[in-house]
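The lines below spell out each chain.
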Amino acid sequence: MALAMRGILALCLCGHTLAQELALGVYGPVTTRSQLYLAMVASFDLDLRNNLNEAAIRSRFGDPVIAIPNPHAQLANVKVRIGNSAGTPETGVATALDFMLGLDGETPIVGLVGGVFSSISMPIASVAAVQKVTQISYGSTSPALSNKDTYPYFLRTVPPDSIQGQAFWNWIVTFEVPLAVCMYAVEPYGQGLFLAIEEQSKLAGEEGRLKGVSVRYMPTTFVVEEARGAIQIAKSLGSRFIFVSMNSQMSNEFVPVMVSEGMFEPGWQVLGSEALTPYGPAVTEADLPIGFMRWNPVSRGSKFPAFSSMWSKLTENDVMSATARARYKYDNFKVPLSSATVPAVTDANFANGDLPSYDSFLFDACYTFVFAINTLLHAGTALADIKEQTLLDQVKITQFEGISGPVSFNANGDRLASYELLNQRPDGSGGKVLEMAGMFSATNGELTILSSGLYWMDGQIWPKPPAALTNCDPGFYKEEISGQCKACPRGFKCPGGALPYQQCGRGYFANETGMVECRPCAAGNFAAEVGSAECGQCLAGFYTDLEGQEACMKCPKGTYMPNKEATQCIPCGMGQVTEESGSQSQMDCRCAEGTFMCNSSSTVGCQPCPEGLSCAAGLDPPTQQPGFWTFGDQECSFEVIRCRDTLECPGSSLSTCASGRQGIACNNCAEGYYPLDDGTCSQCGPGDSLPALFTGIFAVIVIIALLSSVNADLNQQSLNLLTVAAVGSQMVMAVQALGSIRQLSINWVDPVRDIIEFTRLLTFDFDVIRISCITGADSPTLKFLGQLLCCPLGACVIMIAYGVAKLRGRKMSLDAVFNLNGILLFALFITLTLAVLGPFQCLANPDGSSSMAANPGVICFQSGEHTGLVILSVIGDVPFTNQLL
């Protein structure tokens, strides 16, 4: 609704305007940048009136600065008023609308002069295109404004940034700068200039020599930390050549941050665009160091001295008086002049020659309209028709000599002008002065440096940048071909200077770019190759306990590690070992060969394998060695006993005996079984008791036969029979001797073994006749008792035979009976001796006990069975001795 009312008011005002007034509008950042823009407009207006022969002005200033050839009388109808953009697009656009539509209560303008910032000029140029109002800028340099499809009514007296972009690129090429970093604000001017420089690098095919760092445009609230972050990024790019591309308002806030970050100290080189003109209060242009450089469009033509003369004659009253305020409409400002943050105009400004930036371009922009209007008036164009396309077409072809030099426009409405390279230098009196040190020509595209040379920011004059600027910072290396400082690649270290990068040694790594030193791999990690960007993790079964290792070590035997990145291995503990080094699991831990795992309540861990047992590597319980036996229900303390032989106790699990055997040391056959030669026992069959019966019968027959032969008269016996008897007795003695030899622990071979086995019966080894099938049990006590009773039973048989013979009336001498007993005792002396002494023949066992040699299942002097055998041995020894006696 408010906008509609403003439109209606504009139409009403248009209908009531004075047809004889031709209005021009000028806007600029009066309250935020400089109030001297007011003085520039006033100086233009005074010089225009001087051309119209106002006597008071001519007498005061003399001839006009710019003489209008044959000025038309109606030029007196050209009125100029000024508006305030306050440095913001919103205020600038509102001011331009007031000008174009007459919303400020004044005559709508036919031409607009302004402004400084491209960010403000671009939206205004869009409005001007709609309203068909010709706009001439004196400070907006964005290349985007050259686009006539978008901005058909826009022209400028300041050269565009496309030319300044060429100047920047030629500076890079002239001084052989390997890499420059351009810090630009994301606004039309700053970004547009960066893109213009970038375009030059692309045309040259050397895009790598320019990098950009953007900064958010902050026209109202400047965030220092954002600016500082952008500066840190620029520092990380490896160049000490810094370009700054942002409008003057933004650069005024940005430069103090650069100062605080050390970017204006020796070791850096800053080159600014023409807008890098800090005006305080934190930093001013005078505070910038010796060696600082800035581009400035050439704005001093042959007529500038005349303008300077006029400027010096101006007074505060020309600008700030009530008359001036009314003439130039200060009171119509959107942002009032009283709220200005910059100093007011005083006489000192004119006496000191203080001029605002783009001064001459503003002056010439105003005169461009005057020259075009004058031409149209002389061509017969009515004053009311000098507007829109008519005025635009004439402005485009206008040419004249302004205070900035020759003024003309190309097809894009741009003015081609050269740029001067300003250099901060000592002024000879301890101060500093920004002076021209070079010139870039837009005509031939060449940069010429004055013979006096350039000061660099190290404070010295050098024909080329000092080495400190082209040397690399720590963390960067100088690329051989381009000479640029590149961030140190991963896997390398870069001490800086002019040194190349260096590969990280084995055991070290660089996992980021830009590293000065390589880092040692942490314990548990390794780097096997030079130039490693990452450390590898030690795999399971490996470890490193130190930093900077090139390989991981296998876990020693007896340790393991299931995890990666181990700094030490886990001991197996409990005396366990591993089969190989590099074990990954606790399951690999085991007892070594010759030891076994004990898990008793009092002892836990691997224990030495007892004698007589076999302990294979692992966690299995011990097994019996052949020829040994132990109880199967023992945990860690084993009672190992020797067996009779390896056949009865084969190597196997604990308490295992040969088939059919049982008891301690596998000493006995099971009940109803009899022993075999292979160490096993076989179950007694129906006929297995016959050998014992036949042997008994045979023994009785032999005794009776012997009794008969002993009772006979030897003188009546044949010599052959006596010889047979003598030889037989010797054979009996020999067989007994062989029987005693059989008990030795000798592994006899055939046929000796068969011969010796034949002697078992005569040595009272009743197993050969399967005596257990008669007794029902394989008992050592019964066997021993049977051995002891052999002689008494034989004597009984002799006495019975004697008695029978007497009853039958046979003549038999009692002496013969005693002789036969003596003969038997003498013949069986060895066997009887061995049998009687058997309980005293004990062999040591691995567990420290001892057992009978003939019956290892009988523990000597500890078991009741052995005590009984000893008693029987003593008892049996008495009659045996008596019989011998």
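Before reading further, recall that the structure is shown in the block above.
Residues numbered from 1 in each chain as written. Predicted model: local features only at pLDDT ≥ 70, side-chain atom pairs only at ≥ 80, totals over all residues. Heavy atoms only, no water.

### Some details on the overall build of the chain
Using the following cut-off: Secondary structure elements follow DSSP: runs of H or I of four or more residues count as helices, runs of E of two or more count as strands, with numbering from the N terminus. Note on exposure labels: buried denotes an accessible area under 20% of the residue type's maximum, exposed denotes more than 50%, and partly exposed covers the range between, all computed with a 1.4 Å probe on protein chains only. The criterion used for residue contact is that any of the two residues' heavy atoms lie within 4.5 Å. Surface accessibility follows the Shrake-Rupley procedure with a 1.4 Å probe radius. Residue values consider only the protein chains on display as shielding.
Along the chain, the regular secondary structure elements total 24 helices and 43 strands. Counting the 885 residues in the chain, one finds 48% classified as buried. Within the chain, contacts between residues separated by at least 24 positions form 61% of all contacts whose residues are at least 6 apart in sequence. Summed over all atoms, the accessible surface of the chain reaches about 39900 Å², with 57% contributed by carbon and sulfur.

### Points about the sheet that holds strand β9 (residues 269-272)
Note the threshold: Paired strands, in this sense, are two strands between which DSSP finds at least two bridges. Here an angle of 0 to 180 degrees is reported between the N-to-C directions of two axes, which are lines fitted to C-alpha atoms, with helices fitted over the stretch in contact.
An order of β7-β6-β8-β9-β10-β13-β14-β15 is seen for the eight strands of this open sheet, with the pairing classed as mixed. Since the sheet does not close on itself, it has two edges, and those belong to β7 (210-215) and β15 (447-449), each with one partner. Between one strand and the next, the sheet's axes are offset by a mean angle of 30°, whatever the strand orientation. The sheet contact formed by strand β10 (residues 293-297) and strand β13 (residues 419-426) spans five bridges and is antiparallel.

### Topic: the packing of aromatic side chains
Cut-off, in case you're wondering: In this analysis, rings of Phe, Tyr and Trp, with Trp reduced to its six-membered ring, are considered paired at centre separations within 6.5 Å, and the interplanar angle assigns stacked below 30 degrees, edge-to-face beyond 60, and tilted for intermediate values. Here, a charge over a ring means that NZ of Lys or CZ of Arg falls within 6 Å of the ring centre while also lying within 35 degrees of the ring normal.
Evaluation of the coordinates by the stated rule reveals 25 aromatic pairs. Taking the centre distance of 5.7 Å and the plane angle of 45° together, the rings of phenylalanine 304 and phenylalanine 307 count as tilted. Residue phenylalanine 304 and its partner phenylalanine 307 are located together in helix α10 (residues 304-313), separated by three residues, close to a single helical turn. Assigned by exposure class, phenylalanine 304 and phenylalanine 307 land together as buried. The ring of tryptophan 268 is capped by arginine 240, whose NZ or CZ atom sits 4.5 Å from the centre of that ring.

### Observations regarding the environment of glycine 524
Among the structural elements, glycine 524 can be located in the loop between β23 (519-520) and β24 (525-526). Here the alpha-carbon distance between glycine 524 and cysteine 552, two residues 28 residues apart in the chain, equals 7.6 Å. Look past the residues within four positions of glycine 524 in its chain and what remains in contact with it is Gly536, Gln537, Cys538, Thr544, Glu565, Ala566 and Thr567.

### Quick look at helix α9 (residues 248-260)
We count it as follows: Multiply 1.5 Å by the residue count of a helix minus one, and that product is the helix's expected span. A residue's bend is the angle separating two fitted axes: one through the seven residues that end there, the other through the seven that start there.
End to end, α9 covers 19 Å across 13 residues, agreeing with the expected 18 Å (1.5 Å per residue, within 8%). Along α9, the helix axis deviates most sharply at phenylalanine 254, where the bend reaches about 25°; the proline proline 256 sits within four residues downstream. Turning to α9, its buried residues number three or more, namely Ser248, Gln249, Met250, Ser251, Asn252, Phe254, Val255, Val257 and Met258. One or two positions beyond α9, positive phi appears at glycine 262, with a value near 80°.

### Details of the sheet that holds strand β5 (residues 154-156)
Note: strands within a sheet are paired through backbone hydrogen bonds, in either parallel or antiparallel orientation. Within the open sheet, the five strands sit side by side as β2-β1-β3-β4-β5. Their pairing is parallel. On the outer flanks of this sheet lie β2 (78-84) and β5, each paired with one strand and no other. Mean inter-strand twist for the sheet, computed between neighbouring axes without regard to direction, equals 25°. Contacts between helix α4 (residues 89-101) and the sheet are confined to β1 (22-28), β2 and β3 (109-113), with β2 contributing the most and set at about 155° to the helix. Lying over the sheet, helix α14 (residues 359-378) contacts β1, β2, β3 and β4 (134-137), oriented at roughly 150° with respect to β3.

### Observations concerning empty space enclosed by the protein
Let me state the cut-off plainly: Cavity and pocket criteria rest on a 1 Å grid covering protein atoms alone: a 1.4 Å probe that fits but cannot get out defines a cavity, protein on both sides within 12 Å along at least 5 of 7 lines defines an open pocket, and an atom within 4 Å of a point defines a lining residue. Grid points are joined across faces, edges and corners, and a volume is the space filled by probe spheres set on the points. For this classification, Asp, Glu, Lys and Arg are treated as charged, while Ala, Val, Leu, Ile, Met, Phe, Trp, Tyr, Cys and Pro are nonpolar and the rest, including Gly, are polar.
Under the definition given, this model contains four cavities of 30 Å³ or more. Considering only enclosed or pocket space, the largest cavity measures out at about 60 Å³ in volume. Contributing elements (two or more residues each) for the lining of the largest cavity: β2 and α4. The residue makeup of the lining of the largest cavity, split by class, is three nonpolar, four polar and four charged. Computed from the structure, the second largest cavity encloses a volume of approximately 50 Å³. When the residues that make up the lining of the second largest cavity are grouped by side-chain class, the tally is five nonpolar, four polar and one charged.

### With respect to the state of the cysteines
Convention followed: Here, a disulfide means two cysteine sulfur atoms that sit within 2.5 Å of each other.
If you walk through the whole model with that rule in mind, you get 15 disulfides. Bridging cysteine 572 to cysteine 589, the disulfide has an S-S length of 1.9 Å. For the disulfide bridge between cysteine 572 and cysteine 589, the dihedral angle about the S-S bond is near -70°, and by the sign convention the bridge is left-handed. Here cysteine 589 lies in strand β31 (residues 589-590) and cysteine 572 lies in the loop between β29 (570-571) and β30 (577-578), a separation of 17 residues in the sequence. Here cysteine 591 engages in a disulfide with cysteine 606; their sulfurs sit 2.0 Å apart. Its S-S torsion of approximately -90° makes the covalent link between cysteine 591 and cysteine 606 left-handed. Here cysteine 606 lies in strand β33 (residues 604-608) and cysteine 591 lies in the loop between β31 and β32 (595-599), a separation of 15 residues in the sequence. Both residues of the pair, cysteine 591 and cysteine 606, belong to the buried class.

### A closer look at the pairing of β2
The side chains of a regular strand alternate between both faces of the sheet. Across the seven residues that make up β2, a large majority, six, are buried. Pairing geometry for β1 and β2, over seven bridges, is parallel. Within the sheet, the bridge partner assigned to leucine 22 lies in β2 and is valine 78.

### Overview of the side chain of threonine 680
If you trace the backbone, threonine 680 turns up in the loop between β40 (673-675) and β41 (681-683). Residue classification places threonine 680 among the buried residues on the basis of a relative accessible area of 17%. Once residues lying within four places of it in the same chain are set aside, the contact partners of threonine 680 are Ala658, Ser659, Tyr674 and Pro675.

### Let's talk about the packing of α4 against helix α5 (residues 118-131)
What counts, and what does not: Put simply, angles under 35 degrees are roughly parallel, angles over 145 are roughly antiparallel, angles from 65 to 115 are roughly perpendicular, and the rest are oblique. Crossing handedness is defined as follows: a turn of the near helix away from the far one that is anticlockwise and smaller than a right angle gives a left-handed crossing, while the clockwise case is right-handed.
In the contact formed by α4 and α5, the axes pass within 9 Å of each other and the chain directions differ by 25°. Taken as axis vectors, α4 and α5 run roughly parallel relative to one another. Viewed along their axes, α4 and α5 form a crossing whose handedness is right-handed. Taken together, the residues of α5 that come into contact with α4 (itself represented by Pro89, Gly92, Val93, Ala96, Leu97, Met100 and Leu101) are Ser119, Ile120, Pro123, Ile124, Val127, Ala128 and Gln131. Grouping the amino acids of the contact of α4 with α5 by side-chain chemistry returns eleven nonpolar, three polar and no charged.

### Here we look at the packing of helix α2 (residues 36-51) against α10
Relative orientation and spacing of two packed helices are given, respectively, by the angle between their axes and the distance between those axes. For the pair α2 and α10, interaxial distance at closest approach is 11 Å and the crossing angle is 110°. One way to sum up the angle between α2 and α10 is to call them roughly perpendicular. Seen from α2, the contacting residues are Leu36, Ala39, Met40, Ser43, Leu46 and Asp47; seen from α10, they are Phe307, Met310 and Trp311. A per-class count over the contact of α2 with α10 returns seven nonpolar, one polar and one charged.

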